Amino acid sequence: MTFCLLALVLLASLAGIGYRQGVIRVAFSFVGILVGALLAGPLGKLIQPLLVVLGLKTPPLAWLLAPLVAFVLISIIFKIAALGVHKKVDVYFRYHTGDLRQVLWERLSRRLGLCLALANGALYLILLSSVIYPLSYWTVQMATEDKDPRMMRILNRLGHDLQSTGFAKVARATDRMPQVWYDSADLAGVIYNNPLSEARLARYPALLGLAERPEFQDMANDTQFTELLLRHEPILTVLDHPKAQAIVQNPEMLRLIWSTVVPDLKDLSDYLVSNKSAKYASQKILGRWNFNVNMTMNLFRRAKPNISSKEMLQWKRWMVSAFSKTCLVAMTDHQALLKNAPQLKLPTAGVTASGGLQTLKGEWKDLDSKYQLTLANASKEEQLSATIEGDRLTVASEMALVFDRED
């Protein structure tokens, strides 16, 4: 097993090094490991901004590497101190004592160094397991068998070995990763292994604002990127795509995604399974609503009972042409978008639109049983009332506009 082989090689190597270096240097290393493990987290938070300044533009990678850098720096400091103390002791026994005492000290130092080096090896194994376990928790869920890079396959194998040997219990006992690390890994695994869940993901109330951003719109409309997901290509190949890189290499965007997703991880995971959000169920307007031509025409006919069939056909042709791409998006921050909509007034002739399509931005308010939409364009602001019955939303304008919730 890979982890057992790693443990054997590590312990044997450190035992040989400990025997050669002696107890003083090994003891300093032992203390350095303990201090490094305790201070890596706090010092890592100070080092992380420095890594970004030095050119590491991906915040998650800087967050992961910063504690490692802190641990290595602390270990180096202790090893330098150990070398100075070792030289002083060596000079003392070499020039200020007899040959017998020098030989006895060297024998004792080497044997104690070997024993203590095995303790160092045990500490390193514990630290390695506490690194392998959280990393492999992500990579195992993103595995594509033989398509993955070699290092990823090795990491996955080590993760499986931790479970099979029971050493995962040690890793969990020393693990400092927050629970959100594992919850987000579970969510990422569901999304990656179920590409069709992407559409449902974009409809989650808290993510509606993100889905409307140009970066995600470009990603959703890119057929090559979509094919990568559907073919279940390796995760590194997916992340290497230019559309994904535009997000991965944008620290502000990554922070926005993290701050948006983290508060709703549990609810989002349940939503992907059941298509229902317990957290946002009380606000029925939240979501994406598509224009319903037939229901709008039914209400239009009721409002004009004496209209002729010819005129009705003209109005329907105009409505199909003008509202074919219209949709309403109501977001959790009370922002609202009416996308690809014509002017919200009836054209005089009934056969030609009164202007080009536009996107109206505004906000929505909950007025108990009704909602109020405030939408604005470059010239004016309009306040419209809206009612919801089931999965149907009706907006009262110069004519009633009917929308259906996007499933």
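Student: So what's going on with the environment of Glu212? Residues and values would help.
Tutor: Structurally, Glu212 is set in the loop between α9 (208-211) and α10 (214-221). Glu212 sits in the buried class, given a relative accessible area of 16%. When sequence neighbours within four positions are dropped, the list of residues in contact with Glu212 reads Gln217, Arg288, Val329, Leu337 and Lys339. Reaching out from Glu212, the side chain makes a polar contact with the side chain of Arg288 at a distance of 3.1 Å.

Student: So what's going on with the pairing of strand β4 (residues 358-367)? Which residues, and what values?
Tutor: With five bridges joining them, strand β3 (residues 335-341) and β4 adopt antiparallel strand pairing. Along β4, the bridge assignment pairs Leu338 with Leu360.

Student: Explain the pairing of strand β1 (residues 287-291) to me, and be specific about the residues and the numbers.
Tutor: With four of five residues buried, β1 is to be regarded as a mostly interior element. As defined by bridge partners, β1 adjoins strand β2 (residues 327-330) across four bridges and the pair is classed as antiparallel. The residue bridging Gly287 from the neighbouring strand is Ala330, located in β2. The pairing of β1 with strand β8 (residues 400-405) spans three bridges and is classified as antiparallel. Looking across to β8, one finds that Asn290 is bridged to Asp404.

Student: Help me get a handle on the sheet that holds β8, residues and values and all.
Tutor: Spatial ordering of the closed barrel is given by β1-β2-β3-β4-β5-β6-β7-β8, a layout of eight strands whose pairing is antiparallel. Across the sheet, the mean angle from the axis of one strand to that of its neighbour is 30°, orientation sign disregarded. Pairing of strand β5 (residues 370-376) with strand β6 (residues 381-389), which is carried by six bridges, proceeds in the antiparallel orientation. By the bridge assignment, Leu373 is partnered in β6 with Leu384. In the packing of helix α16 (residues 293-303) onto the sheet, the strands contacted are β1, β7 (392-396) and β8, and the crossing angle to β8 comes to about 150°.

Thresholds, definitions, all that
- Residues numbered from 1 in each chain as written.
- Predicted model: local features only at pLDDT ≥ 70, side-chain atom pairs only at ≥ 80, totals over all residues.
- Heavy atoms only, no water.
- Helix = DSSP H or I, 4+ residues; strand = E, 2+ residues; numbered from the N terminus.
- Buried < 20%, exposed > 50% of the residue type's maximum accessible area, 1.4 Å probe, protein only.
- Contact = heavy atoms within 4.5 Å.
- Polar contact = N/O pair within 3.5 Å; in protein donor to acceptor, adjacent residues only side chain to side chain.
- Pairing = 2+ DSSP bridges.
- Axes fitted to C-alpha atoms, helices over the stretch in contact; angles between N-to-C directions.

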